[in-house]
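Commentary on secondary and tertiary structure
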Amino acid sequence: MNRWLYTFGCAPDSGAPVDRIPDHKAAAALLGGKGAGLVEMARLGIPVPPGFTLTTEVCRHRLEHGADPAGLADELRAAVAAVGAATGTTFGDAARPLLVSVRSGAPVSMPGMMDTVLNLGLNPTTVAGLAARTGDARFAWDCYRRFLTMYAEVVLGVGAGDDDHDEGVFERLLTDRKYAARVQKDSDLDAAQLEALCADYHQAIRAATGAPFPDDVWAQLDGAIAAVFRSWDNPRADAYRRMHGISAAMGTGVTVQAMVFGNLGDTSATGVAFTRDPASGEKALYGEFLVNAQGEDVVAGVRTPLPIAAMAQDFPEAFAGLNEVCARLEGHHKDMQDLEFTVQDRKLWMLQSRAGKRTGKAMVKIAVDQVHEGLIDRATAILRIEPGKLDELLHPTLDAAHRPPALTKGLPASPGAAIGTLVFSAPEADAAAAKGEHVLLCRTETSPEDIVGMKAAVGILTARGGMTSHAAVVARGMGKPCITGATGLRVEAARGQLTVLGKGGAPDQVFKRGDVLTIDGSTGEVFAGRAPLAPAALSPELEELMAWVDTTRTLKIRTNADTATDARTARKFGAEGIGLCRTEHMFFATDRILAVREMIVASDVAGRKAALAKILPMQQADFTEIFAAMDGLPVTIRLLDPPLHEFLPHTAAEIAGVAADLGTTPEVIAAKVGALTESNPMLGHRGCRLAITFPEIYETQAIAIARAAIAAQRAGARVLPEIMIPLVMVPGELARLRAEVAAVVDRELAAAGATIPYTIGTMIELPRACLVADQIAAHADFFSFGTNDLTQTTLGLSRDDVASFLPTYLETDLVPADPFASLDTAGVGQLVAMGVERGRRTKPGLKIGVCGEHGGDPASILAFHRYGLDYVSCSPFRVPIARVAAARAALAGDRS
């Protein structure tokens, strides 16, 4: 019989036996991360309030059928009764009411993206019972106003804030009550004032919905469970899943748990803790807490909390217990844990344990440190590394030697430097980023609805909130610099204005939408304008980790580099050669574009050769520098690939200018542009087709390569040139051009009396080339898959034009990912695998790599490893990412 929920902390026979779940991974898939963590803590004897979790199967059933599965209602009633029995309370009882929280928990952590309802089970009758039972009417009415707010916003869709107003209806009513009472803090309102506030809330709800607030506790529970399940498909959760590649099919669990109260006066508190610092990775308890508060106060950032170390003085016994629990849970899970807790009347209760989100810096340090501590082995450490997060460690930081004075300072919530123009809402940030602008998202505090804007922004700045608030946790997970709790700021989103409050008589400073600020998420400082930056320094932990990575992986990692500067950068990051040097990029420089245009407009071979003679020394100089920079490593140079019209002007003004430069008429240039214009240039006169028509182009480039190799060798470099002929369609193209290029190179080497080993291969970027790879291999020393064009020609998509419709395909799950960002393994990948197999059928030792954008994508690298490639090539700053991804691929299993 299928069971739809699992209890914890209750009588053993009150729910499905959790011992049947084989391991924590299986538990997380069934119960979600939150439910699995609570079950595990209960098993370990850690104090957890009793409760139960509705499984992810219920969520999937609801999504598929639009209704609860048969039998769930009976299980739900029995489970609620079991929780009541464990706590000595009864749901809806006037004297001893059971109150519960209803929380989401997906198999993969999605902090703040789904909904929560606390204090459920309150109504005018039970709030009186709670007041009588605890002897604290203020506490009871505080719980009720919190419940009304959350239920109205989450279940009824009433009262939440909008993009221009950070405060929602209920927050504004609370502010009005505090103003009338002349108090600053929520906790300063007395029982009568809170009761009056609850009456205000009831009126607001009735006005918005046309109906009274539901007092029936079972209706409340049904509504909350349905709303939390619905939140799996809300826009922010959907956006988060797309950002992080999380499948929408897994669903979420919903945990219903007996409330424990951190708002029961000064003997109670609530907080969030990490077993290690999630920003730096240091082995020290990290977190925050609030006295006389509930958990959402900390996470939402509406109050700036106290550092966790202050618990040692205020709650010494609970703090000692928390440290013991942290040590036990990290030792048990063998990973840094993110914990939520409540202290009720000085007793510690644990509400959550899950693997903590962390910055790239912390990710590396924690993995390396835990190897040294004997908690995990090197293979586990490598598998813990998210390759994409290494990008955070490679970006510039603020230049310590030229640091300007700070405007103000907040909490350093997520490290790194960010420079951008001010925006004050998530839609603003998203729209500006779509235009290529770098923006800073500035809010009083962020909410989960801001997720798209946070992703779009280069950094986040909030006036309220702590180090474990929503903004901080999400920013660290994204690797975005973030400052929270900058109390010296006043944010007025509706006016598009940020005010830095003056100190000591100094005047206020006002910054408007579009002004530029710099933030340092490592120190919490905010600066006016653009602060100077310095290159990132690699940590000792990263260098140690990369040494482990390099002994594990089998794929070589090369770089795509067109200049000596890029080559040196990539080599510093561990590149083992150049997999793609695009010669056409050198042609666009201002000192050579004129000669290229002269070559294009020439009417005969002699004219083209005369122009090419001007280009030759320029290309030779470029190649010489690159060979020197890559001393001892292979350099793959792709001969001219794009169609010639790309080098020509197109507007009337540009045509007139080029005509004047070349000493001809605009009509001549316009005629040449017209003659070269193609309906579909991607499939037109480009690549090796240019050399079939104009052999002097590749001849000149071959001379430049040979002479550069000779010069670099004479200067002391070990040179390993690899000459790549692009866009081969039929074997005869490669056979003819290989012979011509080899003849030129051999002639140059012989004339110089030099011996330099070189190879000639081809770029496989057409489906037909994959199909006849066995025939093409007969004329090739190596293959390099150009997966950008192979994706275009296989899927029939132009990567320059897909932006207008591809987002719809992604949002509706017609394709799992952008095929230009992550390899289409079901289609393009099969062609790559076929090309590898057929090429090596002819030449078993054929060297094969990939040089498209996919060479830096971790998911694609896993596929390339399985296909048996020898190397991948990617941009310089993605080389460390590719190295780690290749090691993870090697650990994932043998090549298929």
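Here's what I pulled together on the structure shown here. Computed from a prediction, not measured in an experiment: that's the story for all the values here. (Residues numbered from 1 in each chain as written. Predicted model: local features only at pLDDT ≥ 70, side-chain atom pairs only at ≥ 80, totals over all residues. Heavy atoms only, no water.)

Quick look at the overall build of the protein
Just so we agree on the cut-off: Segments assigned H or I by DSSP are reported as helices when at least four residues long, segments assigned E as strands when at least two residues long, and all are numbered from the N terminus. For the radius of gyration, the atom set is restricted to C-alpha positions; the globular benchmark scales as 2.2 Å times the number of residues to the power 0.38. Think of it in three bands: with a 1.4 Å probe and only protein chains considered, a residue is buried below 20% of the maximum accessible area for its type, exposed above 50%, and partly exposed in between. We call two residues contacting when some pair of their heavy atoms lies within 4.5 Å. Areas reported here follow the Shrake-Rupley algorithm with a probe of radius 1.4 Å; residue values treat only the protein chains shown as occluding.
Looking only at helices and strands, the protein has 34 helices and 31 strands in total. Its C-alpha radius of gyration of 32 Å places the protein within 12% of the 29 Å reference for a compact globule of 896 residues. Summarising its shape, the C-alpha atoms of the protein cover approximately 100 × 65 × 50 Å along the three principal directions. When burial is assessed residue by residue, the protein has 54% of its 896 residues classed as buried. The long-range fraction of contacts in the protein, counting pairs at least 24 apart against all pairs at least 6 apart in sequence, stands at 69%. With an accessible surface of roughly 35100 Å², the protein has 53% of that area assigned to carbon and sulfur atoms.

Quick word on the sheet that holds strand β5 (residues 253–258)
We count it as follows: Pairing between two strands is assigned when DSSP locates at least 2 bridges connecting them. Between N-to-C directions, angles cover 0 to 180 degrees, with each direction set by a line fitted to C-alpha atoms, over the stretch in contact for helices.
Spatially, β1-β2-β5-β3-β4 is the arrangement adopted by the five strands of the open sheet, whose pairing is antiparallel. Both outer strands of the open sheet, β1 (5–8) and β4 (116–120), are each paired with one neighbouring strand and no more. Pairwise comparison of adjacent strand axes, ignoring direction, gives a mean angle of 20 degrees for this sheet. Across four bridges, the pairing between β1 and strand β2 (residues 51–54) is antiparallel. Bridging across to β2, T7 finds its partner in F52.

A look at the packing of helix α21 (residues 593–601) against helix α23 (residues 652–662)
We count it as follows: By definition in this entry, angles of less than 35 degrees are roughly parallel, angles greater than 145 are roughly antiparallel, angles of 65 to 115 are roughly perpendicular, and the rest are oblique. Put simply, Ala, Val, Leu, Ile, Met, Phe, Trp, Tyr, Cys and Pro go in the nonpolar bin, Asp, Glu, Lys and Arg in the charged bin, and everything else, Gly too, in the polar bin.
Contact geometry for α21 and α23: axes closest at 11 Å, N-to-C directions at 90 degrees. With respect to α23, the element α21 is oriented roughly perpendicular. Of the residues in α23, those in contact with L594, R597, E598 and V601 of α21 are V658, D661 and L662. When grouped by side-chain class, the residues that make up the contact of α21 with α23 number four nonpolar, no polar and three charged.

Things to note about the nonpolar core
Worth spelling out the cut-off: Grouping buried Ala, Val, Leu, Ile, Met, Phe, Trp, Tyr and Cys residues that are joined through side-chain atoms within 4.5 Å yields what is termed a nonpolar core.
Within the largest apolar cluster, 102 residues are counted, with the highest numbers of intra-cluster contacts made by F623, F627, I725, F783, F785 and L869. For this core, the leading source of residues is helix α26 (residues 695–714), giving eleven residues. Look past the residues within four positions of F627 in its chain and what remains in contact with it is V635, I637, I705, A708, A709, A712, A717, V719 and P721. If you look at the next biggest cluster of nonpolar residues, it comprises 89 residues, including V102, L118, L197 and C482.

Section: the packing of α23 against helix α24 (residues 666–676)
Between two packed helices, the angle of one axis relative to the other and the distance separating the axes together describe the packing. Quick note on the threshold: Take the far helix as your reference; a near helix turned counterclockwise from it by less than a right angle gives a left-handed crossing, and one turned clockwise gives a right-handed crossing.
At a closest axis distance of 8 Å, the pairing of α23 and α24 adopts a crossing angle of 115 degrees. Classed by the angle they form, the pair α23 and α24 counts as roughly perpendicular. Here α23 runs over α24; the crossing is right-handed. When α23 is examined against α24, the residues I655, A656, V658, A659 and L662 are found in contact with a partner set consisting of P666, I669 and A670. Grouping the amino acids of the contact of α23 with α24 by side-chain chemistry returns eight nonpolar, no polar and no charged.

Some thoughts on a nonpolar patch on the surface
Where we set the bar: The patches reported here contain residues having more than 30% relative accessible area and no salt bridge. Joining distances are 9 Å for like charges and 5 Å for nonpolar side chains (Val, Leu, Ile, Met, Phe, Trp, Tyr). The working definition used for a salt bridge is a side-chain nitrogen of Lys or Arg within 4 Å of a carboxyl oxygen of Asp or Glu.
A grouping of F805, Y809 and L814 is seen on the molecular surface, where their side chains present a nonpolar patch of about 290 Å² in accessible area. By the secondary structure assignment, L814 is in the loop between α31 (806–811) and α32 (828–842).

Notes on the pairing of strand β7 (residues 286–291)
A large share of β7 lies buried, amounting to five of its six residues. Here strand β6 (residues 269–274) pairs with β7 via six bridges, running antiparallel. For A269, the partnering residue across the bridge sits in β7 and is V291.

What about helix α7 (residues 191–209)?
Counted only if it meets this: Here, expected helix span is obtained from the residue count minus one, scaled by 1.5 Å. Along the arc lie the directions from the helix axis toward the C-beta atoms.
Over its 19 residues, α7 extends 27 Å from the first C-alpha to the last, a length consistent with the 27 Å expected when each residue adds 1.5 Å. Those residues of α7 that fall on the buried side of the exposure criterion are L194, L197, C198, D200, Y201, A204 and I205. The buried residues of α7 occupy one face: seen down the axis, they fall within an arc of 160 degrees. Across from the buried face of α7, at angles greater than 90 degrees, the exposed residues are A192, Q203 and A207.

Digging into the sheet that holds strand β13 (residues 411–414)
One open sheet accounts for eight strands, arranged β12-β22-β21-β14-β15-β16-β17-β13; its pairing is mixed. The open sheet terminates on both sides in strands that have one partner only, identified here as β12 (408–409) and β13. In this sheet, strand β21 (residues 516–520) lies alongside strand β14 (residues 417–423) in antiparallel orientation, the contact comprising five bridges. The residue bridging I419 from the neighbouring strand is T518, located in β21. Across the sheet, helix α15 (residues 426–434) is in contact with β14 and β15 (439–443); its angle to β15 comes to roughly 180 degrees. Its contacts with the sheet put helix α17 (residues 470–478) on β13, β16 (459–462) and β17 (482–484), and the angle it makes with β17 is roughly 170 degrees.

Brief notes about helix α9 (residues 235–244)
All of the buried residues along α9 are R236, A237, A239, Y240 and R241. In the segment just after α9, G245 is the residue with positive phi, at about 65 degrees.

Remarks on the side chain of E765
Heads up, the rule is: None of His or the chain ends enter the tally, which takes Lys and Arg as positive and Asp and Glu as negative.
Note that E765 resides in the loop between β28 (759–764) and α28 (767–771). There is no salt bridge for the buried E765, and the closest opposite charge comes from R686, which lies 4.2 Å off by N-O distance. Residue contacts for E765: discarding those within four places in its chain leaves R686, P726, L727, G786, D789, L790 and T793.

Examining the environment of S875
Within the secondary structure, S875 is located in the loop between β31 (871–874) and α34 (879–891). For S875, a relative accessible area of 33% gives the class partly exposed. Sequence separation between S875 and A152 is 723 residues; the distance between their C-alpha atoms is 50 Å. Not counting residues up to four positions away in its chain, the partners in contact with S875 are T559 and N560.

Section: the packing of aromatic side chains
This is how the line gets drawn: Each Phe, Tyr or Trp ring (for Trp, its six-membered ring) is paired with any other whose centre lies within 6.5 Å, and the angle between the two planes then decides the class: stacked below 30 degrees, edge-to-face above 60, tilted in between. Placement of a positive charge over a ring is assigned whenever Lys NZ or Arg CZ falls within 6 Å of the ring centre and within 35 degrees of the normal to the ring plane.
Going through the model one piece at a time under the given rule, you end up with twelve aromatic pairs. When the centroid spacing of 4.9 Å and the interplanar angle of 85 degrees are considered together, the rings of F91 and W218 count as edge-to-face. Of this pair, F91 sits in the loop between α3 (72–87) and β3 (100–105) while W218 is found in helix α8 (residues 217–230), placing the two residues 127 residues apart along the sequence. Both residues of the pair, F91 and W218, count as buried. Within the aromatic cluster, the residues linked to one another by ring pairs are F147, Y151 and F213. Over the ring of W218 we find R77, and its NZ or CZ is 3.8 Å from the ring centre. Stacked on the ring of F274, the Lys or Arg R476 has its end atom at 5.6 Å from the ring centre.

Structural measurements only, silent on function.
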